[in-house]
Amino acid sequence: MKTNHSKELKTCSVAGKLPLLVLVLLFSASVSLFLGRYNMSSGELMQVFYSKFTGVPGSGLDMAEHVIFQVRLPRILIAALVGAGLSIAGASLQGLFQNPLVSPDILGVCSGAGFGAALGILLTSGIGYLTAGFSFAFGLVSVFLTLSMARVKGESQTLSYILSGIIVTSVFLALTSLIKYVADVNDQLPAITFWLMGSFANTEFDDLWLILPPISLGVIGLLLLRWRLNILSLGEEEAYSLGVNPQATRIAIILLSTIITASCVMVSGIIGWVGLVIPHICRRIIGVNHNGLLPASTILGGAFMVIVDCLARNLIAAEIPIGILTALTGAPFFAFIYSRLKGES
Amino acid sequence: MLLKVKNGNFSYHREMPVLKNVSFSLDKGEVMAIMGPNGIGKTTLLKCLMGILKWKSGCSLIDGENSGAARRQIGYVPQAHRFSFSYSVRDMVVFGRAKHMPVFALPGRKDYQISDAALEEVGIAHLADKSCNQISGGQLQLTLVARALAGQPKLLILDEPESHLDFCNQSKILRIIRRLSIEKGIACIMNTHYPNHALRIADRILLLNENKYIVGQTSQVLTKENVQEYFGVSSTIVSADAYGREIKAFVLLDEI
């Protein structure tokens with residue numbers, strides 16, 4: 001009787017916390033919609049929304065409407081999507097590699113995608129579809145290289161995956177440096193450098209439609225596999241002895257995470273820390289079971305990115321690259337949580 | 001016969017066979033202890049039975065089906081070790097249900113009921129919400145037994161289940177193994193380094209050494225002559241009368 005009671009209590013607490021996180025996400029998104037360089041009064045805001053939803057034209061606030069619906073809204077949606085994607089990919093790979101210090105770029109996706117983007121900028125001198133396509137393609141290529149190298153070694157053990165990832169990462173980092181070296185110092189080099197720092201500036205609805213399908217596919221796939229991921233997080237032999245063949249599921253999880261991460265890098269550049277920190281925080285909030293951890297990471301990751309992007313837009317007159325801000329906010333936050341709660345685990 | 005091993009051969013490197021022509025069988029409800037010096041291939045044998053390692057030749061069958069394919073029928077209890085993520089005891093036990101569930105499924109009410117029953121079975125229902133990394137080694141070993149039971153196995157394979165445990169937990173584990181075999185008809189195979197434990201609960205013994213093995217009834221196989229031959233130590237069997245029963249035990253005679 002007692003055990004039943006506590007079980008209900010537990011599922012209750014997990015079920016109670018998820019809607020709370022959703023509220024945090026919605027709240028930060030709506031606040032962020034009203035904050036920015038273009039100031040508007042709450043009266044104007046009401047008017048803009050009123051005319052948008054009733055279809056009554058000509059409130060004389062075309063500029064405000066444009067800012068809200070064409071500039072801020074897509075940017076916030078993209079930030080939420082990227083934050084959610086990087087966080088769930090990080091949480092999944094941490095589980096898969098049985099190591100809470102793994103981040104989504106462990107298998108070389110980010111360095112590959114970064115190289116692809118740099119190559120695109122070098123060839124086209126701009127950030128167009130070719131750059132995005134190169135970035136996505138090289139993100140996938142790098143992970144395929146990592147996987148095939150791990151397979152060549154025969155035993156597909158965790159360690160050989162990680163070592164192969166380190167090798168591929170360093171090769172692509174070197175190639176990126178090579179491109180920077182030969183790039184035009186006046187326009188290409190700054191473009192590459194800023195792109196690699198990560199930013200949501202200049203994102204439009206087109207970008208949203210570009211990344212929505214692959215990221216949704218990845219997130220839904222990972223969410224479907226979330227309980228099975230627990231078994232894989234015990235290690236290869238343990239999974240086998242529990243009657244589960246880990247091979248197919250492992251490849252699926254790696255591919256889904258890769259698609260997500262490559263899509264994120266494609267529109268926003270390289271944004272570190274989110275995929276590492278958010279899953280940690282969620283483990284504290286909701287527990288280590290991936291059943292709750294993956295949905296929680298998705299939602300909190302989205303909220304975190306929306307908030308950080310809002311800071312990036314508003315803190316100082318010039319926009320701060322978001323990769324810098326996530327590291328500046330994420331790292332101390334992480335250090336704080338880690339030192340505070342170290343004794344507990 | 002529930003389990004049949006026919007001429008099983010295994011080697012990690014071609015020149016150095018680990019298991020040579022191993023054959024034995026085990027019936028429902030029987031307990032078998034595998035004994036032998038360190039590094040002789042006891043764990044390898046268990047892994048071959050589970051299909052984690054593939055026999056180089058020969059086979060093992062459960063109910064006539066290849067035991068690797070019939071892994072679902074086997075519950076495996078590894079040596080207790082810490083986990084990267086501190087799942088709760090209940091979560092850990094429910095993981096034992098995974099082999100009966102489709103890949104996208106979440107455990108349902110029935111899975112939780114079976115797992116809670118398994119926790120009751122080994123007597124740690126009160127620990128259900130504790131973290132696996134915060135309980136004692138003995139409690140963790142019991143958790144792993146419960147996890148194996150949650151998979152409703154016909155054959156339970158335990159890798160040195162009572163090593164690293166104190167006296168009380170050793171006998172608790174042995175009692176549980178005995179009870180499961182008698183009450184539920186589960187066949188059990190365990191590696192052990194303790195001949196006295198084997199004497200207490202095993203129906204059959206498999207003694208393993210380089211290039212040879214012997215298998216049979218406990219009383220016939222676990223003799224001081226065989227212990228001398230397989231372990232190179234001289235010993236004798238003493239017996240004590242306690243509560244009207246005769247309990248046998250090995251005593252080492254070697255000079256220390």
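Now for a description of the structure that goes with this document. (Residues numbered from 1 in each chain as written. Chains lettered and ligands numbered in written order. Predicted model: local features only at pLDDT ≥ 70, side-chain atom pairs only at ≥ 80, totals over all residues. Heavy atoms only, no water.)

Right, let's get into the interface of chain B and chain A. On the chain A side, the residues contacting the 34 residues of chain B number 34 residues. At the boundary of chain B with chain A, total buried surface from both sides reaches about 3,000 Å², with 58% on carbon and sulfur atoms. Where chain B packs against chain A, one counts 2 salt bridges. Two residues, Lys-47 of chain B and Glu-237 of chain A, come together in a salt bridge whose shortest N-O distance is 3.1 Å. Scanning the region where chain B abuts chain A turns up 11 residue pairs in polar contact (both at pLDDT 80 or more). Among the elements of the structure, helix H1 (42-50), helix H2 (89-94) and helix H3 (109-121) of chain B are those that each provide at least two residues to the side of chain B that touches chain A. (Contact = heavy atoms within 4.5 Å. Buried area = accessible area lost by both parts, 1.4 Å probe. Salt bridge = Lys/Arg side-chain N within 4 Å of Asp/Glu carboxyl O. Polar contact = N/O pair within 3.5 Å; in protein donor to acceptor, adjacent residues only side chain to side chain. Helix = DSSP H or I, 4+ residues; strand = E, 2+ residues; numbered from the N terminus.)

Residues and elements named next belong to chain B. Sheet architecture is open: 6 strands sit in the order S6-S7-S8-S3-S9-S10, paired in mixed fashion. Only two strands of the sheet have a single neighbouring strand rather than two, namely strand S6 (74-77) and strand S10 (212-217). Taken over all neighbouring pairs, the strand axes of this sheet differ in orientation by 15 degrees on average, direction set aside. With 4 bridges connecting them, S6 and strand S7 (residues 155-158) associate as parallel partners. Looking at the pairing, Gly-75 lines up with Leu-156 of S7. Strands strand S3 (31-35), S7 and strand S8 (187-191) of the sheet are contacted by helix H5 (residues 167-183), whose axis makes an angle of about 150 degrees with S8. Across the sheet, helix H8 (residues 224-231) is in contact with S3, strand S9 (204-209) and S10; its angle to S9 comes to roughly 30 degrees. (Pairing = 2+ DSSP bridges. Axes fitted to C-alpha atoms, helices over the stretch in contact; angles between N-to-C directions.)

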